[in-house]
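Structure at a glance
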Amino acid sequence: MREIGRRSGFTALIMLALGAAGLCDRAAAAAPAHADPVCNAPEYRQFDFWLGDWEVFDTQARSSVARLQVQSILNGCVLLEIYRDLSGNEGRSFSIYDATRGVWHQSWVTNHGHLLIIEGQFHDGVMQLTGTDLPAPGGARRLVRGTWQATKDGVREIAVRSNDAGKTWQPWFDLLMRPRGRGR
């Protein structure tokens, strides 16, 4: 009987810790309405221009190449990206402002088992995130950099990569996101 009580107490402590960390939606929903949000600093809103339901166009293409949805989750602390292109490729990313380090962080994963971690800053209306990626097992690492910028018609995302430690950069992709249903 004492073991059951100990486990129940341990479970309660875990639930309390998860709720305090913002990881338990039920605990967050039970918080008083007047409580200040955890992620209320202006830095957490810098990437909000990317929120929406988007049709994605390659800047050279006339038709949509993908659908992209970006949602605010976890009390406005995280942006969840859901990406699906027309050839069956899917990806998800989680983007968060890491106040402890003063940087934006994005973890991107795909239905092909790829992982990309990029970090950076928002400056002069542009979100710029940089990291390294490993295109194939055993392959050489390369630098990658993406920029997102609000435009009058949506959001433009440009990515470049470097195989020589950033001395030169080659285009990777150039996408224009428009609100779904508005077309090119």
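Residues numbered from 1 in each chain as written. Predicted model: local features only at pLDDT ≥ 70, side-chain atom pairs only at ≥ 80, totals over all residues. Heavy atoms only, no water.

Looking only at helices and strands, one finds two helices and 10 strands in the protein. For the protein, the N- to C-terminal ordering of α and β elements is α-α-β-β-β-β-β-β-β-β-β-β. The buried share among the 184 residues of the protein stands at 30%. Of the contacts formed within the protein by residues at least 6 apart in sequence, a portion of 30% connects residues at least 24 apart. Looking at the protein as shown, the accessible area adds up to about 11500 Å², and 57% of this sits on carbon and sulfur atoms. (Helix = DSSP H or I, 4+ residues; strand = E, 2+ residues; numbered from the N terminus. Buried < 20%, exposed > 50% of the residue type's maximum accessible area, 1.4 Å probe, protein only. Contact = heavy atoms within 4.5 Å. Areas by Shrake-Rupley, 256 points an atom, 1.4 Å probe, with all protein chains shown as cover.)

On to the sheet that holds strand β5 (residues 103-110). Paired through backbone hydrogen bonds, the strands of a sheet run either parallel or antiparallel to each other. Pairing is antiparallel in the closed barrel, where 10 strands are placed in the order β1-β2-β3-β4-β5-β6-β7-β8-β9-β10. On average, each strand axis in the sheet is inclined to that of its neighbour by 25 degrees, with strand direction left out of account. (Pairing = 2+ DSSP bridges. Axes fitted to C-alpha atoms, helices over the stretch in contact; angles between N-to-C directions.)

Non-glycine residue L74 carries a positive phi angle of around 55 degrees. In this structure, L74 sits in the loop between β2 (66-73) and β3 (78-85). Residue L74 is classed as partly exposed on the basis of its relative accessible area of 35%. Phi at A165 is positive, roughly 60 degrees, even though this residue is not glycine. Tracing the sequence through the fold places A165 in the loop between β9 (155-162) and β10 (170-179). By relative accessible area, A165 is classed as exposed at 67%.

A few words on the state of the cysteines. Under the counting rule described, the total for this entry stands at one disulfide. One disulfide bridge connects C39 with C77, the sulfur atoms lying 1.9 Å from each other. Here the disulfide of C39 and C77 is right-handed, its torsion about the S-S bond being about 100 degrees. One end of the pair, C39, is in the loop between α2 (25-29) and β1 (52-58); the other, C77, is in the loop between β2 and β3, and 38 residues separate them in sequence. (Disulfide = S-S within 2.5 Å.)

Okay, the pairing of β5 next. It is a general feature of regular strands that their side chains alternate between the two faces of the sheet. Pairing geometry for strand β4 (residues 90-98) and β5, over eight bridges, is antiparallel. Of the residues in β5, the one forming a bridge with Y97 is W104. In this structure, β5 lies alongside strand β6 (residues 115-123), joined through six bridges in antiparallel fashion. Paired with W108 across the strands is L116, a residue of β6. Taking the residues that link successive antiparallel strands as the turn, the β5-β6 hairpin has four residues, and the phi of G113 there is positive, at about 80 degrees.

A few words on the pattern of salt bridges. A full pass over the atoms with the stated rule returns nine salt bridges. Across the pair D133 and R142 runs a salt bridge whose closest N-O atoms are separated by 2.5 Å. For D133, a relative accessible area of 11% puts it in the buried group. Assessed through its relative accessible area of 14%, R142 is described here as buried. Between D153 and R178 there is a salt bridge; the shortest N-O distance is 3.7 Å. Placement of the pair is D153 in the loop between β8 (142-150) and β9 and R178 in strand β10, with a sequence separation of 25 residues. One network of salt bridges, with partners in common, ties together D98, R101 and E119. (Salt bridge = Lys/Arg side-chain N within 4 Å of Asp/Glu carboxyl O.)

Taken together, the five bridges between β1 and β10 define a ladder with antiparallel strand orientation. Bridge assignment links F57 to a residue of β10, and that residue is L176. Direction of pairing for β9 relative to β10: antiparallel, over a ladder of seven bridges. Note on β10: the bridge partner recorded for V160 is P171.

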